[in-house]
Amino acid sequence: MIKRKSKREIELMQEAGKLLANVHKELRTFIKPGVTTMEIENFVERYLTKHGATGEQKGYQGYEFNTCASINDEVCHGFPRHEKLAEGDIVTVDMVVNLNGALADSAWTHAVGNVSEEASKLMDVTKTSLYKGIEQAIPGNRIGDIGHAIQSYAEGEGYSVVRDFTGHGIGEGIHEDPYIPHFGNAGKGARLKEGMVITIEPMINIGGWSTKMDDNNWTARTVDGSLSAQYEHTVAITKEGPVILTQQEEE
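Now for a quick tour of the structure. What you see is a predicted model, and the numbers here were worked out from it, not measured in a lab.

Phi is mostly negative for residues that are not glycine, and the peptide bonds are mostly trans. The linkage connecting Asp177 with the following residue, Pro178, adopts the cis geometry, with an omega of 0°. Locating Pro178 in the fold gives a position in strand 8 (residues 176-180). Even without being glycine, Asn100 reaches a positive phi, approximately 55°. Here Asn100 lies in the loop between strand 4 (90-99) and strand 5 (102-111). Note on Asn100: relative accessible area 71%, which makes it exposed. The backbone of Asn217 shows a phi angle near 65°, a positive value even though the residue is not glycine.

This paragraph deals with the sheet that holds strand 6 (residues 160-161). Read across the open sheet, the three strands follow the order 6-10-13; overall the sheet is antiparallel. Of all strands in the sheet, those with a lone pairing partner are strand 6 and strand 13 (228-230), marking the two edges. Pairing of strand 10 (residues 203-205) with strand 13 involves three bridges; the strand directions are antiparallel. Of the residues in strand 13, the one forming a bridge with Asn205 is Ser228.

This part is about the packing of helix 3 (residues 117-135) against helix 4 (residues 143-156). Where helix 3 meets helix 4, the axes come as close as 8 Å, and the angle between the chain directions of the two elements is 150°. Between helix 3 and helix 4, the interaxial angle falls into the category roughly antiparallel. Helix 3 and helix 4 meet at a crossing whose hand is right-handed. Along its contact with helix 3, which presents Val125, Thr128, Ser129, Lys132 and Gly133, the element helix 4 presents Ile146, Ala149, Ile150, Tyr153 and Ala154. For the contact of helix 3 with helix 4, the residue count by class is six nonpolar, three polar and one charged.

Let us look at the nonpolar core. Membership of the largest hydrophobic core comes to 27 residues, with the highest contact counts inside it found for Leu122, Ile146, Ile198 and Ile200. When contributions to this core are tallied by element, the ones reaching two or more residues are helix 3, helix 4, strand 9 (197-200) and strand 14 (233-238). Among the elements that take part in this core, helix 3 stands out by supplying six residues, more than any other. Sequence-distant contacts of Leu122, that is, excluding residues within four places in its chain, are made with Ile90, Tyr159, Ile204, Asn205, Ile206, Leu227, Ser228 and Ala229. Counting 23 residues, the second-largest nonpolar core is a separate cluster that includes Ala16, Ile40, Ile71 and Met95.

Applying the stated criterion across every chain yields a total of eleven salt bridges. Put simply, Glu74 and Arg81 hold a salt bridge, and the shortest N to O gap is 2.9 Å. For Arg81, a relative accessible area of 22% puts it in the partly exposed group. Put simply, Glu155 and Arg163 hold a salt bridge, and the shortest N to O gap is 3.8 Å. Residue classification places Arg163 among the partly exposed positions, given a relative accessible area of 22%. Salt bridges sharing partners connect three or more residues here, namely Asp73, Glu74, Arg81, Glu83, Asp214 and Arg221.

What follows concerns empty space enclosed by the protein. Summed over all chains, the structure comprises one cavity of 30 Å³ or more. Each pocket or cavity is described by its volume, and for the largest cavity that value is around 30 Å³. Taken together, Cys68, Ala69, Ser70, Val75, Cys76, His77, Thr92, Asp94 and Gln230 make up the lining of the largest cavity. Broken down by element, the lining of the largest cavity gets its largest block of residues, three residues, from strand 2 (residues 67-71).

Before going further, it helps to spend a moment on the packing of aromatic side chains. As enumerated under the stated definition, the model contains seven aromatic pairs in all. Relative to Phe79, the ring of Tyr63 has its centre 5.6 Å away and its plane inclined at 80°; by these criteria the two rings are edge-to-face. Residue Tyr63 is located in the loop between strand 1 (54-55) and strand 2, and its partner Phe79 is located in the loop between strand 3 (74-76) and strand 4; the two are separated by 16 residues in the primary sequence. Taking relative accessible area as the criterion, Phe79 reaches 24% and is therefore assigned partly exposed. Among the aromatic residues, those joined into a ring-pair cluster are Tyr63, Phe65, Phe79 and Trp218. Geometry around Phe183 places Arg163 over its ring, the cationic atom sitting 4.9 Å from the centre.

Conventions adopted
- Residues numbered from 1 in each chain as written.
- Predicted model: local features only at pLDDT ≥ 70, side-chain atom pairs only at ≥ 80, totals over all residues.
- Heavy atoms only, no water.
- Helix = DSSP H or I, 4+ residues; strand = E, 2+ residues; numbered from the N terminus.
- Buried < 20%, exposed > 50% of the residue type's maximum accessible area, 1.4 Å probe, protein only.
- Pairing = 2+ DSSP bridges.
- Axes fitted to C-alpha atoms, helices over the stretch in contact; angles between N-to-C directions.
- Parallel < 35°, antiparallel > 145°, perpendicular 65-115°, else oblique.
- Left-handed = near helix turned anticlockwise from the far one by under 90°.
- Contact = heavy atoms within 4.5 Å.
- Nonpolar A, V, L, I, M, F, W, Y, C, P; charged D, E, K, R; others polar.
- Core = buried A, V, L, I, M, F, W, Y, C linked by side-chain atoms within 4.5 Å.
- Salt bridge = Lys/Arg side-chain N within 4 Å of Asp/Glu carboxyl O.
- 1 Å grid on protein atoms, 1.4 Å probe; cavity = no way out; pocket = protein on both sides within 12 Å on 5 of 7 lines; lining within 4 Å.
- Points joined across faces, edges and corners; volume = space filled by probe spheres on them.
- Phe/Tyr/Trp six-rings, centres within 6.5 Å; stacked < 30°, edge-to-face > 60°.
- Lys NZ or Arg CZ within 6 Å of the ring centre and 35° of its normal.

Treat this as a map of the structure, not an account of what it does.
Here's what the structure looks like:
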């Protein structure tokens with residue numbers, strides 16, 4: 001069942017989103033060659049605790065961390081670990097913040113030092129595809145309009161769109177209806193209505209879109225070993241248009 005949120009509920013989620021956005025802004029300078037994703041995890045936990053928030057992912061279905069940290073060919077749900085990031089890596093940090101019971105969800109791909117032109121273009125295309133999808137998040141449109149906009153743009157640039165993981169509704173829980181594929185046909189799927197809050201989070205690969213699961217049953221990576229990037233925002237559907245609850249300044 002799709003749950004629509006009140007204006008007050010959306011305002012509270014936006015406060016959580018502002019805090020989450022600030023974490024990603026801090027990570028821009030924290031992430032550099034030699035830093036480990038476990039250090040990123042610890043940094044995020046300290047930041048959230050200092051600001052009266054918690055990581056909603058920690059303990060979710062047995063997951064042990066506040067963040068997912070996915071490196072290079074890891075598509076999503078990478079475990080924080082003690083492996084040092086190297087010059088030229090890309091790392092996607094994904095987290096759900098709980099601030100006073102309100103949730104916000106955002107992932108961001110960060111460059112580690114100077115990255116290749118190939119990696120830089122992937123990041124640019126993936127971020128642009130996110131905003132192409134957000135443009136379609138207006139009352140009266142359908143879920144397929146979001147996925148179609150993302151797929152048309154990303155594939156037109158020569159990249160592939162991951163099929164195995166989607167965006168979703170968010171509110172009282174991390175994952176609510178509806179699910180938001182990042183591919184599909186315009187004019188298809190459930191109609192978007194004022195008060196819905198969803199995540200749009202395209203995962204875009206340089207190679208093929210197929211993924212495989214690591215032995216930990218969480219981390220997905222590209223089958224062909226190609227680079228993958230992801231950008232995600234939490235978005236409220238309003239009569240004025242899409243409102244990004246996790247907006248970062250100077251993105």
